[in-house]
Amino acid sequence: IADLIGKVKSIVITGQCIGGTTASLSALFLLCHLLSLSVYPPMSVLCITFGSPLVGNEALHRSIRRQRWGENFCHVVSKHDIMPRLLLAEIVNHIPHIQALLQFWHCCMASPHLPVAGLSSQVSNDLKHILFHSVLKDLELLTQADDPSESLFWPFGSYVFCCQEGAICVENVASIMKMMHLMMATASPNQSIEDHLKYGDYVAKVSRQFLQARNFEEGIPDSSYEAGVALALQSSDLTDKESVAAMAKECLQMAQHSDKPNLNAANLAIKLSKIVPYRAEIEWYKACCDEADDQMGYYDSFKLTGASRREGRVNIDRIRLAQFWNTVIQMLESNKLPHDFDRRGKWVNASHFYKLLVEPLDIADYYRTGMHRERGHYIEHGRERRYEVFDKWWREKSVPEEENKRSKFASLTQDSCFWAKVEEAKEWLDNVRSERDAMKQQQLWHKIDNFEAYARQLIYNKEVSKDVLAKNSSFSRWMEEWKEMKSQVQQITPLFPGFVDGK
Amino acid sequence: VEKAIKEKKKIVFTGHSSGGAIAILTTVWFLEHYLKPGKTLMSPLCVTFGSPLVGDFIFNHALIRENWSNFFLHFVMRYDIVPRILLASLSTVGQELDLILKLLSQKAMFPIQGSVREASTFYTSVMRNASAVASHAACRLMGNTNPILETVASFIELSPYRPCGTFVFLPGHGKLVVVKNADAILQLLFYSAQLCSENQLNAVAERSLNDHLGYPSELQGCLNWQNVVQLDHLEGLPLSSSGAAAGNIATNIALDDLGLSTRARLCLRAAGEHEKQKLSNQQRMDNKRQEIELGLAKLEEYKSKSALCKVGYYDAFRISKYEDDFKANVTRLELTGIWDEIIEMLNRYELPEPFESRKDWIELATKYRRIVEPLDIANYYRHAKNEDTGSYMYKGRPRRYKYTQRWREHGLRMPVGSSAESCFWAEVEELLLLYRTADPGAFEVIRERTINLERKLDEWIRSNQISNDVFLKGSTFTKWWITLPIQHKSVSPIQGQINSEI
């Protein structure tokens, strides 16, 4: 597979029974590999399995979901086939039975010209009976429980349940488990074992169904929604037994109440434009602070003044914006938004602008309320997750822009954590005076030097906003203190020989 | 054609089979060449019989947008295979295609010895492809969110061809079923040609070829146009022949005549719902017009206030010192939100096709662009975004301005890029950056562009597309213009206007 990368546009990986699990794992390997290589153009991967047992647990399901790889997997399960359902049951005591079954299937597939019924006698009726009823019972218990996490194994990707009448495709985990149960409940032990061998038949049949117009036998409900459900029931051949049909109907209705990613994205766009005035107010606040007489810049103004009416409004804006962006991240991670959402320019740019403008205020709030004494410094202990996500989105922007030389200071400091670094540097500076241990003191000097070099670099490239250099800003005052300390040290150099050469 | 136009005759372009395709393209050529806005001309008619599909969904979208869709009428016999052929890819039907085309061109009726097998294979292949195209389209219409749908779709070659214009299906016995909704026509092309039972295959395959040659005899029986059914209000179609709320008996009969299954009817309903949704989206946008007008009025006021201070609103906003500037910014951002929503909807084809050619929207959009784009430009250069991203015109210009400019240019048949009056300031800013130095040779670099700009500015001022606050004493433009070499200024078309302001 690794050889094919770069040579092939798309790949379909397939397998039946245990071959299905091999296919699934190979596909997962390939997807991970492609991710680390960031191949362009991206290679399309589709994994189709037939009668494959389950492969992973809930954690695997969630990881696959988060990477949005569920869309690459299609598991075909015939109506009564016992194999895909095995791992949903307690089978620890039935291992020898299962081995006999696997051998039987292998025999059948190796000699397709022999009628299955003939070979069927190789497997004892008792065995079939025991296994079948044991699995069925466990399935029933599982689906009756309120949440499916009782099971060790979880399905991922989409499931296509096929039968003589047609096929239905389900993605929702609870619905998949429920359908596994309901369809098996209408079977006999023999059927559940023979169905494993019928994939060829079912696929052939379903592949020809497009040709014929099929009408609905009994009365069809007039509501489009109900009619859709009824057609799905017809395709899954669950219309006979009343009780089963009713449960299946409920199950399908549950499956349909999934989210509409495009609609959600559209609504988010509307919400974004509604919160824009809050952002504008914060921009205005910054501009006012830049022109104000106290020459503090908006970081310090916000940090020190805190409760005044103006800052109060800015604070509310800040909180509202945070709520909005947290919602965006939460929706993205619970798969409620389109796949390429975090690659869309609109959202990458908007989140980046928000971060550069507002994170300094979050930092100011953190240090003003003394959180750093409780929890530790902002960058390691206080930073909200959304900012890390936005860093990632920005880094992954596809177009690397040319490095233009700036002619004047940026309107926003390009490192949104700059002020947090200033706060840490302030602490180092305070500590370096009182530090007794020479080793630790040297480390502190080193850190302070590095920070100064970093800050100078930013300033030189004009990647800071002018509020950083305001006369009374935390940074400016820190620089002054630092300069003074360095000059003091130079006066008593003999005691600190290591620090002579302009360090 | 020119002769017919001179004699003020109504022109009808018509054709059968591939002749139909030529007729469609000819009609479009005619419309583009001769139908100019403002000129009175008899609208043409295009009537085809068993024509293959000609364009994709964008072609159809454009025809509806220009209001030309009603000039196209396509007759399709129920099982005629030719209109369906292009829903299949060449690789899947290539083998039989040559033979089938040869048989059709012989114009003999079937059965022809030894061709039943090919006909059946051909019919099955075309239908398989048509099924994929139709069901993919139906899944989209019904808002299917299963992510595997797009994965599978990317692995299959789905034909991009789509129907356009009005289709008239001929189920037989002199009946006619008229459909305008393009999504519905696509579904009908597939579903009306389905079999009732598997053993019908050979008979229907034969019929799929015979029907292509059956137009003359079938239409003879329809000449009195007694049995016409218009399929509209698709969202409320009955789902079964014994449809309880059988409001329209004629519709019911038409659906039965076309042999439409329950699934087919659900797809038609979805097509109807989609159209209804587009109209409702349009209504929602129409309701926002007032909000847009209010916002624009506020900015007009801001503009006149700034003019009184001899600075002009472009520069006032660029400096942004006062609360008025902040308020203007909020209004600007609110209007941005509304227009961005419109643009998003257009990109997802969620507004009716004629929206972009509606005169009232073009006018409102032009007004918006002229008042607000200067503020966007001022904001861009104020924050030196050109240093982050690039020049406004090449990298920074939002789609809401690009699109609305195209609306106007297309509507008035202006050359592309000519309605650029709203980005006047962007050019000024770029010229300003290039002309930093006061060397004698500096002007040469920008001479060409400056001359062009002045010429266009003169036109725009005269036609009231730009107001003369650009010439105010404190405006960036004036302050820059004054520094230009005297030889250039003395022959400039705008020197009179500037001198009167200073």
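Fair warning: this is a prediction, and the values are worked out from it, not measured in the lab.

Caption draft 1: Focus on the overall build of chain B. Within chain B, the secondary structure is distributed over 24 helices and eight strands. Compactness check: chain B gives a C-alpha radius of gyration of 30 Å against a globular reference of 23 Å for 502 residues, more than 25% above the reference. Principal-axis analysis of the C-alpha atoms places the extent of chain B at approximately 90 × 50 × 45 Å. Looking at chain B as a whole, 53% of its 502 residues are labelled buried. Sequence separation of 24 or more characterises 75% of the internal contacts of chain B that already satisfy a separation of 6 or more. Only carbon and sulfur atoms are counted for the fraction: they give 55% of the accessible area of chain B, which is about 23400 Å². Taken together, the 60 basic and 57 acidic charged side chains of chain B have centroids lying 3 Å from each other.

Caption draft 2: How the structure looks around the sheet that holds strand 3 (residues 73-78) of chain A. Judged by pairing direction, the sheet is mixed, and its five strands sit side by side in the order 1-2-3-4-5 (chain A) without closing on themselves. Edge positions in the sheet fall to strand 1 (10-16) and strand 5 (166-170) of chain A, since each of these pairs with one other strand and no more. Between one strand axis and the next, the sheet turns through 20° on average, direction left out of account. Across seven bridges, the pairing between strand 1 of chain A and strand 2 (residues 44-50) of chain A is parallel. Bridge pairing in strand 2 of chain A links V12 of chain A to L46 of chain A. With respect to the sheet, helix 7 (residues 148-155) of chain B is in contact with strand 1, strand 2, strand 3, strand 4 (158-163) and strand 5 of chain A, its orientation differing from that of strand 2 of chain A by roughly 105°.

Caption draft 3: Seen up close, the environment of S175 of chain A. Residues and elements named next belong to chain A. Relative to the elements of secondary structure, S175 occurs in helix 7 (residues 173-185). A residue is classified by how much of its surface remains accessible, and S175, at 1% relative accessible area, is buried. Along the primary structure S175 and S36 are separated by 139 residues, whereas in three dimensions their C-alpha atoms are 33 Å apart.

Caption draft 4: Quick look at the nonpolar core. Residues and elements named next belong to chain A. Among the nonpolar cores identified, the biggest contains 62 residues, and W325, F341, W347, F418, F451 and F475 are the most heavily contacted of them. Sorting the residues of this core by element identifies helix 12 (261-291), helix 13 (297-305), helix 14 (309-333), helix 15 (345-368), helix 18 (385-395), helix 19 (418-434), helix 20 (438-460) and helix 21 (474-491) as the ones contributing at least two each. Ranked by the residues each element gives to this core, the list is headed by helix 15, at eleven residues. Filtering out sequence-adjacent residues up to four positions away, F418 remains in contact with T413, F451, Y454, A455, L458, V468 and F475.

Caption draft 5: Summary view of the pairing of strand 1 (residues 12-16) of chain B. Residue and element names in this part refer to chain B. With burial as the criterion, only one face of strand 1 is covered, namely that bearing F13 and G15; the residues V12, T14 and H16 on the opposite face remain uncovered. Pairing geometry for strand 1 and strand 2 (residues 45-49), over five bridges, is parallel. From the neighbouring strand, T14 faces strand 2, where its bridge partner is V47.

Caption draft 6: Quick look at the interface of chain B and chain A. Contact with chain B, which involves 49 residues of that partner, is made by 54 residues of chain A. Between chain B and chain A lies a buried interface of about 4400 Å² when both sides are counted; carbon and sulfur atoms form 56% of it. Considering only the side of chain B, the residues that lose the most area to chain A are F155, F326 and E387 of chain B, jointly responsible for 15% of the buried surface there. The tally of links from chain B across to chain A stands at two salt bridges. Residue D222 of chain A pairs with R269 of chain B through a salt bridge whose shortest N-O separation is 3.0 Å.

Caption draft 7: Structural view of the UniProt feature "transmembrane region" (unreviewed entry) in chain B. Taking the UniProt record as the reference, the feature "transmembrane region" (unreviewed entry) is found at residues 12-31 of chain B. Between the C-alpha atoms that bound residues 12-31 of chain B there is a distance of 12 Å. The span itself is 70% helix and 25% strand.

Caption draft 8: Expanded view of the packing of aromatic side chains. On inspection of all chains with the given rule, the structure shows 47 aromatic pairs over all chains. Considering the side-chain rings of F418 of chain A and W419 of chain A, the 5.9 Å spacing of their centres and the 75° angle between planes classify their relative orientation as edge-to-face. Residue F418 of chain A is classed as buried on the basis of its relative accessible area of 0%. Between the aromatic rings of F424 of chain B and W425 of chain B, the centroid separation amounts to 5.3 Å while the plane-to-plane angle is 70°, which identifies the pairing as edge-to-face. Both residues of the pair, F424 of chain B and W425 of chain B, belong to the buried class. Taking NZ or CZ as reference, K286 of chain A lies 5.6 Å from the ring centre of Y298 of chain A, over its face. The ring of Y387 of chain A is capped by R386 of chain A, whose NZ or CZ atom sits 4.8 Å from the centre of that ring.

Caption draft 9: Local environment of the side chain of Q405 of chain B. Residues and elements named next belong to chain B. Along the chain, Q405 turns up in helix 19 (residues 399-411). A residue is classified by how much of its surface remains accessible, and Q405, at 6% relative accessible area, is buried. Here the side chain of Q405 touches S419 through a polar contact of 3.5 Å, landing on its backbone oxygen. Among residues more than four places away in sequence, those in contact with Q405 are R369, R397, G417, S418, S419, A420 and C423.

Caption draft 10: Spotlight on the state of the cysteines. With the rule as written, the count across this model stands at zero disulfides over all chains. C108 of chain A supplies the cysteine sulfur nearest to C107 of chain A, a cysteine that is in no disulfide, at a spacing of 6.7 Å. Residue C309 of chain B stays outside any disulfide, its sulfur separated by 18 Å from that of C288 of chain A, the closest cysteine. C309 of chain B sits in the exposed class, given a relative accessible area of 52%.

Caption draft 11: Focus on the pattern of salt bridges. Under the counting rule described, the total for this entry stands at 57 salt bridges over all chains. K278 of chain B is paired through a salt bridge with E353 of chain B; the nearest N and O atoms lie 3.3 Å apart. You can see K278 of chain B sitting in helix 12 (residues 262-287) and its partner E353 of chain B sitting in the loop between helix 15 (323-347) and helix 16 (359-382), a full 75 residues away along the chain. For the pair formed by K278 of chain B and E353 of chain B, the shared burial category is buried. The network of salt bridges with shared partners includes R318, D362, D365, R368, E384 and R386 of chain A.

Caption draft 12: Fine view of the sheet that holds strand 1 of chain B. All names here are of chain B. With respect to topology, six strands assemble into an open sheet ordered 1-2-4-6-7-8, the strand pairing being mixed. The outermost strands of the open sheet, each flanked by one partner alone, are strand 1 and strand 8 (228-231). Between one strand axis and the next, the sheet turns through 20° on average, direction left out of account. Against the sheet, helix 8 (residues 182-191) contacts strand 4 (72-77), strand 6 (166-172), strand 7 (175-179) and strand 8, and its axis sits at roughly 30° relative to strand 6.

Caption draft 13: Broad picture of a nonpolar patch on the surface. A contiguous nonpolar surface patch, about 280 Å² in accessible area, is contributed by F57, I58 and Y349 of chain B. Looking at where Y349 of chain B falls in the secondary structure, it is placed in the loop between helix 15 and helix 16.

Caption draft 14: Focus on the domain arrangement of chain B. All names here are of chain B. What the domain assignment lists for chain B is domain 1 (1-260) and domain 2 (287-490). Placing a centre on the C-alpha atoms of domain 1 and another on those of domain 2 gives a separation of 47 Å. At the interface, nine residues of domain 1 touch eight residues of domain 2. Contact between domain 1 and domain 2 buries roughly 850 Å² in total, counting both sides, with carbon and sulfur atoms accounting for 58%. Joining domain 1 to domain 2, the criterion identifies one salt bridge. Note that R413 is salt-bridged to E66, the shortest N-O span being 3.7 Å. Inspection of the region where domain 1 meets domain 2 yields two residue pairs in polar contact (both at pLDDT 80 or more). Here the side of domain 1 that touches domain 2 is built from residues that sort into six nonpolar, one polar and two charged.

Caption draft 15: Structural detail: helix 15 of chain B. Counted at 1.5 Å a residue, the expected span for helix 15 of chain B with its 25 residues is 36 Å, and the 36 Å between its end C-alpha atoms agrees. A positive phi of about 55° marks Y349 of chain B, the residue just after helix 15 of chain B.

Caption draft 16: Spotlight on helix 3 (residues 57-65) of chain B. All names here are of chain B. Residues of helix 3 that are buried include every one of N60, H61, L63 and R65, and no others. In this structure, the buried side of helix 3 is in contact with helix 2 (18-34), strand 3 (55-56), strand 4, helix 8 and helix 19. Here helix 3 starts with a cap whose side-chain oxygen sits 3.2 Å from the backbone nitrogen of I58, and that cap is D56.

What counts and what doesn't
Residues numbered from 1 in each chain as written. Chains lettered and ligands numbered in written order. Predicted model: local features only at pLDDT ≥ 70, side-chain atom pairs only at ≥ 80, totals over all residues. Heavy atoms only, no water. Helix = DSSP H or I, 4+ residues; strand = E, 2+ residues; numbered from the N terminus. Rg over C-alpha atoms; globule rule 2.2 N^0.38 Å. Buried < 20%, exposed > 50% of the residue type's maximum accessible area, 1.4 Å probe, protein only. Contact = heavy atoms within 4.5 Å. Areas by Shrake-Rupley, 256 points an atom, 1.4 Å probe, with all protein chains shown as cover. Lys, Arg positive; Asp, Glu negative; His and termini not counted. Charge placed at Lys NZ, Arg CZ, Asp CG, Glu CD. Pairing = 2+ DSSP bridges. Axes fitted to C-alpha atoms, helices over the stretch in contact; angles between N-to-C directions. Core = buried A, V, L, I, M, F, W, Y, C linked by side-chain atoms within 4.5 Å. Buried area = accessible area lost by both parts, 1.4 Å probe. Salt bridge = Lys/Arg side-chain N within 4 Å of Asp/Glu carboxyl O. UniProt positions renumbered as here; feature names shortened; annotations may be inferred. Phe/Tyr/Trp six-rings, centres within 6.5 Å; stacked < 30°, edge-to-face > 60°. Lys NZ or Arg CZ within 6 Å of the ring centre and 35° of its normal. Polar contact = N/O pair within 3.5 Å; in protein donor to acceptor, adjacent residues only side chain to side chain. Disulfide = S-S within 2.5 Å. Patch = residues over 30% accessible without salt bridge, like charges linked within 9 Å, V, L, I, M, F, W, Y side chains within 5 Å. Domains from an automatic or database assignment. Nonpolar A, V, L, I, M, F, W, Y, C, P; charged D, E, K, R; others polar. Expected span 1.5 Å × (residues − 1).

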